[in-house]
Amino acid sequence: MLYALKDNDGNITALTDRNIPGAIPVSAADPDVLGFLSLDASTVSGATDYLEDSDLSTIRILEDLIDTLTERQVIRFTDLPPEAQRKLLSRKVARTLAGGEEEMGKESNEVSDELFLREEDQLF
């Protein structure tokens, strides 16, 4: 069950899965809920379609989260399973190359240090 907080005009300002003070129960299929989530009921035929459409952006969020956690030394890159390490490294290189020179912040003849593991994170 979803619960919504609404402003004085009846517009949803927040959604939660908990019944917090001031929240009212709402259906996930409610047009106001879909609008709040920036979904269009005419283009989203179901939850499965939405999940498939949002996978790429969610993957990028997770990659950025993992980068942040390793940079802050909350986790070590080597704490991840070897297959996950390989997949993340492959995607990092591909994203950097796809982003071009602007994303790399380097001249085209320079190699970004971000493409390589730090010595303490290397597998061998």
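Criteria and cut-off values
Residues numbered from 1 in each chain as written. Predicted model: local features only at pLDDT ≥ 70, side-chain atom pairs only at ≥ 80, totals over all residues. Heavy atoms only, no water. Pairing = 2+ DSSP bridges. Helix = DSSP H or I, 4+ residues; strand = E, 2+ residues; numbered from the N terminus. Buried < 20%, exposed > 50% of the residue type's maximum accessible area, 1.4 Å probe, protein only. Contact = heavy atoms within 4.5 Å. Axes fitted to C-alpha atoms, helices over the stretch in contact; angles between N-to-C directions. Salt bridge = Lys/Arg side-chain N within 4 Å of Asp/Glu carboxyl O.

(A) Up close: the pairing of strand β2 (residues 12–16). The sheet contact formed by strand β1 (residues 2–6) and β2 spans four bridges and is antiparallel. By the bridge assignment, A4 is partnered in β2 with L15. Two successive antiparallel strands, β1 and β2, enclose a turn made up of five residues, where G10 displays a positive phi of approximately 85°.

(B) Focus on the environment of R60. Among the structural elements, R60 can be located in helix α2 (residues 47–71). By relative accessible area, R60 is classed as partly exposed at 39%. Measuring from C-alpha to C-alpha, the distance between R60 and R95 comes to 9.6 Å, with 35 residues separating the pair along the chain. Beyond its immediate chain neighbours, meaning those up to four positions away, R60 contacts R91 and R95.

(C) Region of the structure containing the sheet that holds β2. Across the sheet, three strands lie side by side as β2-β1-β3; this open sheet has antiparallel pairing. Looking at which strands have only one partner, the edges of the open sheet turn out to be β2 and β3 (24–26). Here the strands of the sheet are splayed against their neighbours by 40° on average, with no regard to which way each runs. With three bridges joining them, β1 and β3 adopt antiparallel strand pairing. Bridging from a neighbouring strand, L2 pairs with V26 of β3.

(D) Spotlight on the pattern of salt bridges. Tallied over the entire structure, the rule returns seven salt bridges. Here R18 makes a salt bridge to D17, at a shortest N to O gap of 2.9 Å. Here R18 matches D17 in class, with each residue exposed. Residues D67 and K92 are paired through a salt bridge, measuring 3.4 Å at the closest nitrogen-oxygen approach. Taken together, the positions of D67 in helix α2 and K92 in helix α3 (residues 82–104) put the pair 25 residues apart, joining distant regions of the chain. Given the relative accessible area of 26%, K92 is considered partly exposed. Shared partners join several salt bridges into a network, and the residues in it are E63, D64, R91 and R95.

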